[in-house]
Amino acid sequence: MSTNKKVAITADSTCDLPKGLVQKHNITVIPLSVLLGDSENLDGVDIMPGDIYDHVAGGGSLPKTSAVSPAGYSKVFGQLAADGYSIVHIGLSSAISSSYHNACVVAAGMDDVYCVDSKSLCTAMGLLVLEACDMAEHGMSAGEIARAVAELVPKLSTTFVLDSLEYLHKGGRCSSVARFGANMLGLKPSIAVDPSTGKMDVAKKYRGRIDNVYKQYINDRLRDIDAIDPKRVVIANSGGIDSDTLAFVKGLVSGKNYFERIITADAGCTISSHCGPKTLALFYIKK
């Protein structure tokens, strides 16, 4: 049953949606904190991936990301509720951050606030946010939207391919042996997020020049294209990939003449601090 009450869609900053889409759909983005050196910065507000790369290239340590606090969610949810909104919040995978748990703690003490664990990250998570916006614009209630979006979570396909294991190694997520082996063999790992757990693991290892790997990765991702929802697909990158290569990648996707909307997005600080530059991703929802 629909309701006349206004619905606000909120999301952690890790949804990495382009600003134009955030503004168009009136999405409330709640930033995580990024600790870089001695400074604490708001993701996408005070700090961008380029700042991280410059810091690390200059010999600095990798940043640490900090979850949104319960107080942070309370402030945002409280203001929206005071303005007469019911709320659907879509959070970063609970296997990666405590942000989702913190949002749930706040929501439990309020009426008409629903939290959905995306079990994902970056603009794959953003696809769920856009689906929620579509539902709100069609007059669905917050509770209906939350249930429908939760049903899409297992259909979300979240993978990305890395140019280097350097950032994963520096962040303690890759052993020196694995890094040495990958460098010696010229391997480029593709990482997948398990939609049932929200955890990341290596899905495939490519070999060769990174530009050729991007092509192999995109072709692999679209091999079973009829199983993909054609409504939207996202090409995301973490910076450092030249414009000609990105145009070529978009051409591979658009050349399929299958998708209604191809969204290009820049990965934010969270995925960039874990994966480093020249990371490429193709995100979509399966039918």
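Heads up: the structure comes first, above all this text.
The subject of this paragraph is the overall build of the protein. Looking only at helices and strands, the protein has 11 helices and 14 strands in total. Its C-alpha atoms give the protein a radius of gyration of 19 Å, near enough to 19 Å, the size a compact globule of 287 residues would have. Considered along the principal axes of its C-alpha atoms, the protein spans approximately 60 × 50 × 30 Å. Relative to its full complement of 287 residues, the protein shows a buried share of 49%. Of the contacts made within the protein by residues no fewer than 6 positions apart, 77% connect residues no fewer than 24 positions apart. Total accessible area on the protein is roughly 13100 Å²; 50% of this is exposed by carbon and sulfur atoms. Of note, the protein has its 29 positive side-chain charges centred 6 Å away from the centre of its 30 negative side-chain charges.

Running from amino to carboxyl end, helix H9 (residues 210-221) crosses helix H10 (residues 243-254) at an angle of 20 degrees, the nearest separation of the two axes being 10 Å. Classified by the angle their axes make, H9 and H10 are roughly parallel. For H9 against H10, the interelement crossing comes out right-handed. Between H9 and H10, the contacting residues are Asp211, Tyr214, Lys215 and Ile218 on the first element and Thr245, Phe248, Val249, Leu252 and Val253 on the second. Partitioning the contact of H9 with H10 into residue classes produces six nonpolar, one polar and two charged.

Of all seven residues making up strand S1 (residues 6-12), six are buried, and the element is well covered by its neighbours. When S1 meets strand S6 (residues 85-91), the two strands line up parallel, connected through six bridges. Looking across to S6, one finds that Ala11 is bridged to Ile90. At this point the chain moves from S1, through helix H1 (residues 19-24), to the parallel strand S2 (residues 28-30), and the crossover so formed is right-handed.

This next bit is on the sheet that holds S1. A sheet is described by the order of its strands in space; here four strands give the open sequence S2-S1-S6-S7, paired in parallel fashion. Across the chains shown, the open sheet's two edge strands, defined by having one partner strand only, are S2 and strand S7 (113-117). Neighbour to neighbour, the strand axes of the sheet diverge by 25 degrees on average, direction disregarded. Where S6 lies against S7, five bridges are found, and the strand directions are parallel. Across the sheet, residue Ile87 finds its bridge partner in S7, namely Val113.

Strand order across the open sheet formed by three strands is S4-S3-S5, with antiparallel pairing between neighbours. At either margin of the open sheet sits one strand with a lone partner, and together these are strand S4 (39-42) and strand S5 (64-66). Pairs of neighbouring strands in the sheet enclose a mean axial angle of 30 degrees, with direction left out of account. Bridge analysis of strand S3 (residues 33-36) against S4 gives four bridges, and the strand direction is antiparallel.

Look at H9: 16 Å from first C-alpha to last across 12 residues, which is about the 16 Å you get at 1.5 Å a residue. Listed as buried for H9 are Ile210, Val213, Tyr214, Tyr217, Ile218 and Arg221. The buried residues of H9 occupy an angular sector of 135 degrees when projected down its axis, which confines them to one face.

The full count for this structure, using the stated rule, is eight salt bridges. Ionic pairing is found between Arg232 and Glu131, a salt bridge with its closest N-O pair at 3.5 Å. With Arg232 in strand S12 (residues 228-237) and Glu131 in helix H5 (residues 122-137), this residue pair connects regions lying 101 residues apart in the sequence. There is no split in this pair, since Arg232 and Glu131 are both buried.

In this section: the packing of aromatic side chains. Enumeration according to the criterion identifies two aromatic pairs in this entry. Plain terms: the ring middles of Tyr258 and Phe259 are 5.1 Å apart, the flat faces sit at 90 degrees to each other, and that makes the pair edge-to-face. Across the pair, exposure class does not vary: Tyr258 and Phe259 are buried alike. Note that Lys6 overlies the ring of Tyr85, its terminal NZ or CZ placed 4.3 Å from the centroid.

Parameters and conventions
- Residues numbered from 1 in each chain as written.
- Predicted model: local features only at pLDDT ≥ 70, side-chain atom pairs only at ≥ 80, totals over all residues.
- Heavy atoms only, no water.
- Helix = DSSP H or I, 4+ residues; strand = E, 2+ residues; numbered from the N terminus.
- Rg over C-alpha atoms; globule rule 2.2 N^0.38 Å.
- Buried < 20%, exposed > 50% of the residue type's maximum accessible area, 1.4 Å probe, protein only.
- Contact = heavy atoms within 4.5 Å.
- Areas by Shrake-Rupley, 256 points an atom, 1.4 Å probe, with all protein chains shown as cover.
- Lys, Arg positive; Asp, Glu negative; His and termini not counted.
- Charge placed at Lys NZ, Arg CZ, Asp CG, Glu CD.
- Axes fitted to C-alpha atoms, helices over the stretch in contact; angles between N-to-C directions.
- Parallel < 35°, antiparallel > 145°, perpendicular 65-115°, else oblique.
- Left-handed = near helix turned anticlockwise from the far one by under 90°.
- Nonpolar A, V, L, I, M, F, W, Y, C, P; charged D, E, K, R; others polar.
- Pairing = 2+ DSSP bridges.
- Right-handed = clockwise from strand over helix to strand, strands pointing away.
- Expected span 1.5 Å × (residues − 1).
- Arc of directions from axis to C-beta.
- Salt bridge = Lys/Arg side-chain N within 4 Å of Asp/Glu carboxyl O.
- Phe/Tyr/Trp six-rings, centres within 6.5 Å; stacked < 30°, edge-to-face > 60°.
- Lys NZ or Arg CZ within 6 Å of the ring centre and 35° of its normal.

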